[in-house]
Amino acid sequence: MPSFTYKALRVHEISENQVERSITSCTLDDLPPGEVLVRVHYSSLNYKDALSATGNRGVTRHYPHTPGIDAAGVVEESSDARYQRGDEVIVTSYDLGMNTPGGFGQYIRVPADWVVPRPQGLSLYESMILGTAGFTAALALHKMEQNGQHPDQGPVLVTGATGGVGSSAVALLAKAGYQPIASTGKQDLHAYLEALGATEIISREAVDEPLRKPMLSSRWAGAIDSVGGSTLGTAIRACAPNGNVATCGLVGSPNLSVTVFPFIIRGVNLLGVESAECPMPLRLQIWQKLATTWRIDHLSQIAHLCSLDHLNGYIDLMLQGKTRGRIVVDLR
Ligand SMILES: NC(=O)c1ccc[n+]([C@@H]2O[C@H](COP(=O)([O-])OP(=O)(O)OC[C@H]3O[C@@H](n4cnc5c(N)ncnc54)[C@H](OP(=O)(O)O)[C@@H]3O)[C@@H](O)[C@H]2O)c1
């Protein structure tokens, strides 16, 4: 391909523990080898991107770096027979945006094994409204249902409900026939959560009870938690018998302190949710569900579209817990 430049949001290390972000001109030579070159149309901002963009070594080891764990676009070149020039594809997770230049650049080059054909029923834009956050919410619900969760058992708690995973989880649960209880720290966004399908809205503090009692009275039949810490502990201790609590995040804390009683007295199940290395057959199954039976009505309600030039400001807001729903990045 002839040489040309494209735009990317690059994170540069300016001193130890200090990084700076800028929109930089890159060339295809800046991309690693890989079978599939994709012209990125949309990306989205995930919590992991905000960590990478602020120099978190647990996510990104080497800088300069282009974050963006999500990308959706059109195949420009492929040396793998499964993909042809012009195919619309989604790439999320694996190492994208962590130590491989990610979706905050107008081009990515990745192994063909990371690529998912855009499922019919979702546009490239819609696939990035969901992105890793929506995929993770769906994976959580899938695992809960595999483990017996059913709408008749009662309402399901969603913590961090106005966030990316949270908003997707509330909308998805409502779509799948559940009654979502949304827990949020944002009092001004109750109408937003109701519009997504929340049947009850509670404060963050209501799901943050100190560990005085090993179990609390049952308040939900299951939970999708992206907060961790004492919030996850409360979600487990107040879960009804045989319910499933899916843990996928740590915006509050990575720690968990509970006794074994909810597990051995009530049969509560704690399910780990890991989207990054989700095996391809399950990955395809989840995307297919998101495009059909679990296609969220009014997906655009959870989206805020921004350009690459305006992305920078949202990164810090996300780390302060101040964003709402999904920030989708337009790279066309
Ligand atoms: N396991 C996986 O595969 C996977 C995949 C995707 C994301 N994640 C993880 O899931 C978490 C959420 O990701 P996201 O993209 O949804 O982030 P996000 O959009 O920033 O949402 C997080 C939400 O949590 C709430 N929150 C923020 N700070 C908090 C605090 N200190 N205590 C309690 N609640 C707080 C806020 O919602 P309210 O104001 O409504 O309370 C915030 O909007 C992150 O830890 C991320 O790494 C994991």
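You'll find the structure just up there.
Only a predicted model underlies this, so the values are computations on that prediction, with no experimental measurement involved.

Visitor: Describe in detail the overall build of the protein chain, supporting the description with residues and values.
Guide: Scanning the protein chain for helices and strands turns up eight helices and 15 strands. For the protein chain, the C-alpha radius of gyration of 20 Å lies close to 20 Å, the compact-globule estimate for 332 residues. Taken along its principal axes, the extent of the C-alpha atoms in the protein chain is 65 × 45 × 35 Å. Split into buried and exposed, the 332 residues of the protein chain put 53% on the buried side. Within the protein chain, counting contacts between residues at least 6 apart in sequence, those at least 24 apart form 70% of the total. A total of about 13800 Å² of accessible surface is found on the protein chain, and carbon and sulfur atoms cover 49% of it.

Visitor: How would you explain the nonpolar core if you had to name every residue and give the values?
Guide: Counting residues in each nonpolar core, the largest one holds 50 residues, and the members touching the most others are Val-170, Leu-172, Leu-193 and Trp-287. For this core, the secondary structure elements donating two or more residues are β4 (70-78), α2 (124-146), β8 (156-158), α3 (164-175), α4 (190-196) and α7 (280-291). In terms of residue count, α2 provides more of this core than any other element does, 12 residues in total. There are two domains that each give this core at least three residues, and those are domain 1 (5-118 + 298-330) and domain 2 (133-272). One finds Val-75, Val-89, Leu-96 and Ile-108 within the second-largest nonpolar core, a separate group that totals 30 residues.

Visitor: Tell me about the packing of α2 against α7, and name the residues and values.
Guide: At a minimum axis separation of 10 Å, α2 and α7 run at an interaxial angle of 110°. With respect to α7, the element α2 is oriented roughly perpendicular. Contacts between α2 and α7 involve Ser-127, Leu-130, Gly-131, Gly-134, Phe-135, Ala-138, Leu-139 and His-142 on the former and, on the latter, Leu-282, Arg-283, Gln-285, Ile-286, Trp-287, Lys-289 and Leu-290. Here the contact of α2 with α7 is composed, by residue class, of eight nonpolar, five polar and two charged.

Visitor: So what's going on with the packing of aromatic side chains? Which residues, and what values?
Guide: Overall, the coordinates contain five aromatic pairs when judged by the stated rule. A ring pair is formed by Tyr-42 and Tyr-125, whose centres lie 5.4 Å apart and whose planes are at 50°; its orientation type is tilted. One end of the pair, Tyr-42, is in strand β3 (residues 36-45); the other, Tyr-125, is in helix α2, with 83 residues separating them in the sequence. When the ring of Phe-135 is compared with that of Trp-287, the centres are 5.8 Å apart and the planes differ by 35°; the resulting orientation is tilted. Residue Phe-135 is located in helix α2, and its partner Trp-287 is located in helix α7; the two are separated by 152 residues in the primary sequence. Of the two residues examined, Phe-135 and Trp-287, each falls in the buried class.

Visitor: Explain the pairing of β4 residue by residue, including any values.
Guide: Counting buried residues in β4 gives seven out of nine residues, a clear majority hidden from the surface. Bridge analysis of β3 against β4 gives six bridges, and the strand direction is antiparallel. Bridge pairing in β4 links Val-38 to Val-75. Here five bridges tie β4 to strand β5 (residues 88-92), and the two strands are oriented antiparallel to one another. Directly across from Val-74, in β5, lies its bridge partner Glu-88.

Visitor: How would you summarise a nonpolar patch on the surface if you had to cite specific residues and measurements?
Guide: Side chains of Val-260, Phe-261, Ile-264 and Ile-265 sit close together on the surface and give an oily, nonpolar patch of about 400 Å² of accessible area. Following the sequence through the fold, Ile-264 ends up in helix α6 (residues 261-265).

Visitor: Help me get a handle on the side chain of His-65, residues and values and all.
Guide: Along the polypeptide, His-65 turns up in the loop between α1 (47-53) and β4. A polar contact of 2.8 Å, which involves the side chain of His-65, links it to the backbone oxygen of Gly-97. Polar contacts involving the side chain of His-65 include one to the main-chain carbonyl oxygen of Met-98, which spans 3.1 Å. Residues within four places of His-65 in sequence aside, it is in contact with Leu-9, Arg-10, Val-11, Ser-52, Thr-60, Gly-97, Met-98, Asn-99, Thr-100 and Pro-101.

Visitor: Any chance you could break down the site of the ligand for me, citing the residues and the numbers?
Guide: Around the ligand, the surrounding shell holds 26 residues, and the nearest of these are Thr-162, Val-165, Thr-184, Cys-248 and Ser-275. In the environment of the ligand, an oxygen atom lies 2.8 Å from a nitrogen or oxygen atom belonging to the backbone of Val-165. Between the ligand and Cys-248 there is a distance of 3.0 Å, counted from a nitrogen atom to a backbone nitrogen or oxygen. Relative to its unbound accessible area of 920 Å², the ligand is 86% covered by the protein chains. Those elements that place two or more of their residues in the shell around the ligand are α2 and α3. Three or more residues apiece are contributed to the shell around the ligand by two domains, here domain 1 (5-118 + 298-330) and domain 2 (133-272).

Parameters and conventions
Residues numbered from 1 in each chain as written. Predicted model: local features only at pLDDT ≥ 70, side-chain atom pairs only at ≥ 80, totals over all residues. Heavy atoms only, no water. Helix = DSSP H or I, 4+ residues; strand = E, 2+ residues; numbered from the N terminus. Rg over C-alpha atoms; globule rule 2.2 N^0.38 Å. Buried < 20%, exposed > 50% of the residue type's maximum accessible area, 1.4 Å probe, protein only. Contact = heavy atoms within 4.5 Å. Areas by Shrake-Rupley, 256 points an atom, 1.4 Å probe, with all protein chains shown as cover. Core = buried A, V, L, I, M, F, W, Y, C linked by side-chain atoms within 4.5 Å. Domains from an automatic or database assignment. Axes fitted to C-alpha atoms, helices over the stretch in contact; angles between N-to-C directions. Parallel < 35°, antiparallel > 145°, perpendicular 65-115°, else oblique. Nonpolar A, V, L, I, M, F, W, Y, C, P; charged D, E, K, R; others polar. Phe/Tyr/Trp six-rings, centres within 6.5 Å; stacked < 30°, edge-to-face > 60°. Pairing = 2+ DSSP bridges. Patch = residues over 30% accessible without salt bridge, like charges linked within 9 Å, V, L, I, M, F, W, Y side chains within 5 Å. Salt bridge = Lys/Arg side-chain N within 4 Å of Asp/Glu carboxyl O. Polar contact = N/O pair within 3.5 Å; in protein donor to acceptor, adjacent residues only side chain to side chain. Near = heavy atom within 4 Å.

Any functional reading would require information beyond the geometric quantities listed.
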